[in-house]
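Architecture and fold: a report
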Number of protein chains: 2
Amino acid sequence: MDYVGRLTAHLPLATRLLMVKADGSISIHADDRAYKPLNWMSPPCRLEEAPGVWRVVNKAGEELRITLEEILHDTSHELGVDPGLRKDGVEAHLQELLAATPSALGVGFTLVRREHMTAIGPVDLLCRDATGAHVAVEVKRRGDIDGVEQLTRYLELLGRDPLIAPITGVFAAQEIKPQARVLATDRGIRCVVVDYDALRGIVRDELTLF
Amino acid sequence: MDYVGRLTAHLPLATRLLMVKADGSISIHADDRAYKPLNWMSPPCRLEEAPGVWRVVNKAGEELRITLEEILHDTSHELGVDPGLRKDGVEAHLQELLAATPSALGVGFTLVRREHMTAIGPVDLLCRDATGAHVAVEVKRRGDIDGVEQLTRYLELLGRDPLIAPITGVFAAQEIKPQARVLATDRGIRCVVVDYDALRGIVRDELTLF
DNA sequence: CCATGAATTTCGTCC
DNA sequence: GGACGAAGTTCATGG
């Protein structure tokens, strides 16, 4: 294999695995390392197959030239569209930890319900503050403007519910973007930056006590 | 697929490609993107195969659990040890540029030969200085102690060759580490920091002149 | 389409 | 083994 592009690279003759995907991309693998191929061409690119030689080029003029000495095995499958990866890890776990430690959101806070349902979707956490008033909490890994808007919609809806009102909002995230903080503060929403690892430690300690 | 580790992630049921390598590492691929798998476990890790369920764990306690609904194709091959990728881009090109512009190594320098063969390997560049004396040049992208040692060995050998002696050395690199510079200077080897882009410009200009 | 920042970054090197 | 920086970084988001 020879690659001429952002750098020049060469792979000597050896037994390897070639993977050609539906988007035309190609990767060359040795028998180690899961993450990174020895060499590759990212889509969009074009594969020209000639006998014994594959040539892969992209729009930028980068080129991968693969010389095939011997084919030990060749198989092809239709995989169809992939549903894709769901990384719900941090946000879901964060919500879980905060539900277990509502005091991390404010002094005297208690949990009413997780995933409190409204007409426009579930509020992450519904709490009560030290005075007994309701608090809607939106939990995010990265606190962005979108999250503030979302919480604002919940607050507007819940504020009209006589069983809930009066209600205030807390925007809780591992990291809160400056723009989101400004918008939240302007709307009377309090921002709480959550230390994931510390919180996990607190929850673990509390469990250990019993 | 479910991953619990530095984060938590989930892949719904779909047709995918699983790649298991000799080092025990595993990767899950969809039919697009050459570079990055949907999910993976890097070595060192351990794969426990049970009927319909693969469990991959590493030392840190991260876990990949793969549920197999149906196997459409299953194949295995011995690939053997891989010679590995040679990224000869920068160093080879640097040698080429310096061969075309030996004056960048010293006033009055002329090229005798590239890759001058010796019993212990090829010297990158063999030149003559303004007085006509030989100069051995070692070219590196990053000038390290190893490079100085290498050049020293060549100088020792070539200095004993009556057809070559007397000989001096030049250590040329885009960047020279302080320790390497000290060692080189101590051994009477001159260090030259090469500006790759500037040199390329000079060579291009010279070509344009003719 | 370009700039910026995160990433289960990975990967190499220095200390 | 940990810290630091580069990578054909790749990848998503914001403007």
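Just so we're clear, the structure is a prediction, and the values are computed from it rather than from any experiment.

1. Topic: the packing of helix α2 (residues 145–159) of chain A against helix α3 (residues 178–186) of chain A
Residue and element names in this part refer to chain A.
- At a minimum axis separation of 8 Å, α2 and α3 run at an interaxial angle of 25°. When the axis of α2 is compared with that of α3, the two are roughly parallel. In this structure, α2 uses I145, V148 and E149 to contact α3, whose residues at the interface are Q179, A180, L183 and A184.
- For the contact of α2 with α3, a count of residues per class yields five nonpolar, one polar and one charged.

2. A look at the domain arrangement of chain A
- The assigned domain composition of chain A is domain 1 (2–67) and domain 2 (89–209).
- Inter-centroid distance (C-alpha atoms) of domain 1 of chain A to domain 2 of chain A is 48 Å.

3. Focus on the protein's contact with DNA strand D
- Within the structure, DNA strand D sits among 14 residues, and Y3, N39, W40 and D144 of chain A together with K87 of chain B are positioned closest to it.
- Of all DNA strand D atoms lying within 4 Å of any protein atom, the proportion belonging to sugar or phosphate reaches 65%.
- Within the side chain of Y3 of chain A, a nitrogen or oxygen atom sits 3.1 Å from a base nitrogen of DNA strand D.
- D144 of chain A places a polar side-chain atom, nitrogen or oxygen, 3.2 Å from a phosphate oxygen of DNA strand D.
- Broken down by element, the surface near DNA strand D gets its largest block of residues, three residues, from strand β5 (residues 39–41) of chain A.
- When its residues are assigned to classes, the surface near DNA strand D shows five nonpolar, two polar and seven charged.

4. Some remarks on the protein's contact with DNA strand C
- Neighbouring DNA strand C are 14 residues, the closest being K87 and R141 of chain A together with N39, R142 and D144 of chain B.
- Sugar and phosphate atoms constitute 71% of the interface atoms of DNA strand C, taking the interface as everything within 4 Å of the protein.
- Within the side chain of R141 of chain A, a nitrogen or oxygen atom sits 2.6 Å from a phosphate oxygen of DNA strand C.
- One of the side-chain N or O atoms of R6 of chain B is found 3.2 Å from a phosphate oxygen in DNA strand C.
- Its residues assigned to classes, the surface near DNA strand C comprises five nonpolar, one polar and eight charged.

5. Quick notes on the interface of chain A and chain B
- Contact residues are listed per partner, giving 49 residues for chain A and 48 residues for chain B.
- With both sides pooled, the region where chain A packs onto chain B buries about 4,100 Å², and carbon together with sulfur makes up 62% of that total.
- Summed over the three residues of chain A that lose the most area to chain B, namely D31, Y35 and L79 of chain A, the buried surface amounts to 19% of that side.
- In this assembly, chain A and chain B are joined by two salt bridges.
- Applying the counting rule to chain A against chain B returns 18 residue pairs in polar contact (both at pLDDT 80 or more).
- For the side of chain A that touches chain B, the elements supplying multiple residues, two or more each, are β2 (8–10), β3 (17–20), β4 (26–29), β5 and α1 (89–100) of chain A.

6. Observations concerning the pairing of strand β11 (residues 134–143) of chain A
Residues and elements named next belong to chain A.
- By the criterion of burial, β11 is predominantly enclosed, with eight of the ten residues buried.
- Across four bridges, the pairing between strand β10 (residues 121–128) and β11 is antiparallel. By the bridge assignment, L126 is partnered in β11 with A136.
- Here β10 folds back onto β11 in antiparallel fashion, the turn holding five residues, of which G132 has a positive phi close to 95°.
- Pairing geometry for β11 and strand β12 (residues 167–176), over nine bridges, is parallel. Across the sheet, residue K140 finds its bridge partner in β12, namely A173.

7. Looking at the pattern of salt bridges
Residues and elements named next belong to chain A.
- Following the criterion strictly, the structure yields 23 salt bridges over all chains and no others.
- The shortest N-O distance in the salt bridge between E138 and K140 comes to 3.9 Å.
- Given a relative accessible area of 0%, E138 falls into the buried group.
- Put simply, R46, E48, R55, E63 and R65 are held in one network by salt bridges that share partners.

Procedures and definitions
- Residues numbered from 1 in each chain as written.
- Chains lettered and ligands numbered in written order.
- Predicted model: local features only at pLDDT ≥ 70, side-chain atom pairs only at ≥ 80, totals over all residues.
- Heavy atoms only, no water.
- Axes fitted to C-alpha atoms, helices over the stretch in contact; angles between N-to-C directions.
- Helix = DSSP H or I, 4+ residues; strand = E, 2+ residues; numbered from the N terminus.
- Parallel < 35°, antiparallel > 145°, perpendicular 65-115°, else oblique.
- Contact = heavy atoms within 4.5 Å.
- Nonpolar A, V, L, I, M, F, W, Y, C, P; charged D, E, K, R; others polar.
- Domains from an automatic or database assignment.
- Near = heavy atom within 4 Å.
- Polar contact = N/O pair within 3.5 Å; in protein donor to acceptor, adjacent residues only side chain to side chain.
- Buried area = accessible area lost by both parts, 1.4 Å probe.
- Salt bridge = Lys/Arg side-chain N within 4 Å of Asp/Glu carboxyl O.
- Buried < 20%, exposed > 50% of the residue type's maximum accessible area, 1.4 Å probe, protein only.
- Pairing = 2+ DSSP bridges.

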